[in-house]
Amino acid sequence: MSAREEILKKIASILPPGREALREAEYDALPQHYQTQSNLTEEEILAVFTDRLHDYNALVHRCTEAEVAATIKSILESRNKRNLLVPEAIPVEWLPDGFEYTRDLELTYDDMDRSEGVLTDCAVAIAISGTIVVRHSVYHGRRALTLVPDYHLCVVHTNQIVETAPEGFRRIENLLPAPLTTISGPSATSDIEMIRVKGVHGPRTLEVILVSPDP
């Protein structure tokens, strides 16, 4: 028996029989007066999400599905970037000509750290908190791919954005048990002297492309 299994067995022996079901019943009985459903239009939700991203110092661009590649090209040219890391199954039609794309096929952490940045899709976005949820797979990349590079360019479709956290968690339930990472702006932290430092636990720069359906 592993140490983890031994600890869980001891915890289970302390809890009275049926306690788990009782705890779920107690939780269901709690009053839930918080908002669980959005009353906003899609454009209003987009406005809230964009406002939160700006609060986090993330840069935001808007385009249609047909304009994704051109938008990415414009961003890379403005930042003088020539090569991005990408998940294995990133849509090829998003990748403009004239740049290099390194797919994450057993890249080392050093490879990621030396890169110019990463381009990914997302699974869900929550407007009220400005949170992007990445589901780690061949489509969005493994966890390290969104944490090690210093620059993250993320494509978010407007139909992936919900207003409230409960709506977001309901969508997230459909993504489990795959590992998830939640991103609320560029990585930053403050030490005991309250000196803000960027890029400690993830990318220093986050740039987001909001993609609407083609007209």
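As the structure is a computational prediction, the values presented were derived from the model and not from experiment.

1. Focus on the overall build of the chain
(1) Moving on: A tally of regular secondary structure across the chain gives seven helices and 12 strands.
(2) Moving on: Taking the principal axes of its C-alpha atoms as reference, the chain extends roughly 65 × 45 × 40 Å.
(3) Moving on: Burial statistics for the chain: of 215 residues in total, 40% are counted as buried.
(4) Moving on: Put simply, of all contacts in the chain between residues at least 6 apart along the chain, 73% involve residues at least 24 apart.
(5) Moving on: As displayed, the chain has an accessible area near 12700 Å², and 53% of this comes from carbon and sulfur atoms.

2. Some points on the nonpolar core
(1) Moving on: In this structure, F49, I132, V156, I161, V208 and L210 are the most contacted members of the largest nonpolar core, which totals 18 residues.
(2) Moving on: When residues of this core are assigned to their parent elements, the largest contribution, four residues, is made by helix α3 (residues 42-55).
(3) Moving on: Counting 17 residues, the second largest nonpolar core, distinct from the first, contains I75, L76, Y151 and I209.

3. Some points on the sheet that holds strand β5 (residues 124-126)
(1) Moving on: Across the sheet, which stays open at both edges, the four strands sit in the order β8-β5-β6-β9 with mixed pairing between neighbours. Strand pairing shows two members of the sheet lacking a second neighbour, β8 (161-162) and β9 (180-183), which therefore form its edges.

4. Things to note about helix α7 (residues 165-173)
Owing to its 3.6 residues per turn, the α-helix brings residues three or four apart onto one side.
(1) Moving on: All of the buried residues along α7 are P166, E167, G168 and I172.
(2) Moving on: Next to the buried residues of α7 lie β5, β6 (131-135), β8 and β9.

5. Thoughts on the state of the cysteines
(1) Moving on: Within the structure shown, the criterion is met by zero disulfides.
(2) Moving on: Unpaired in this structure, C122 has its nearest cysteine sulfur neighbour in C154, at a distance of 5.0 Å.

The rules behind these values
- Residues numbered from 1 in each chain as written.
- Predicted model: local features only at pLDDT ≥ 70, side-chain atom pairs only at ≥ 80, totals over all residues.
- Heavy atoms only, no water.
- Helix = DSSP H or I, 4+ residues; strand = E, 2+ residues; numbered from the N terminus.
- Buried < 20%, exposed > 50% of the residue type's maximum accessible area, 1.4 Å probe, protein only.
- Contact = heavy atoms within 4.5 Å.
- Areas by Shrake-Rupley, 256 points an atom, 1.4 Å probe, with all protein chains shown as cover.
- Core = buried A, V, L, I, M, F, W, Y, C linked by side-chain atoms within 4.5 Å.
- Pairing = 2+ DSSP bridges.
- Disulfide = S-S within 2.5 Å.

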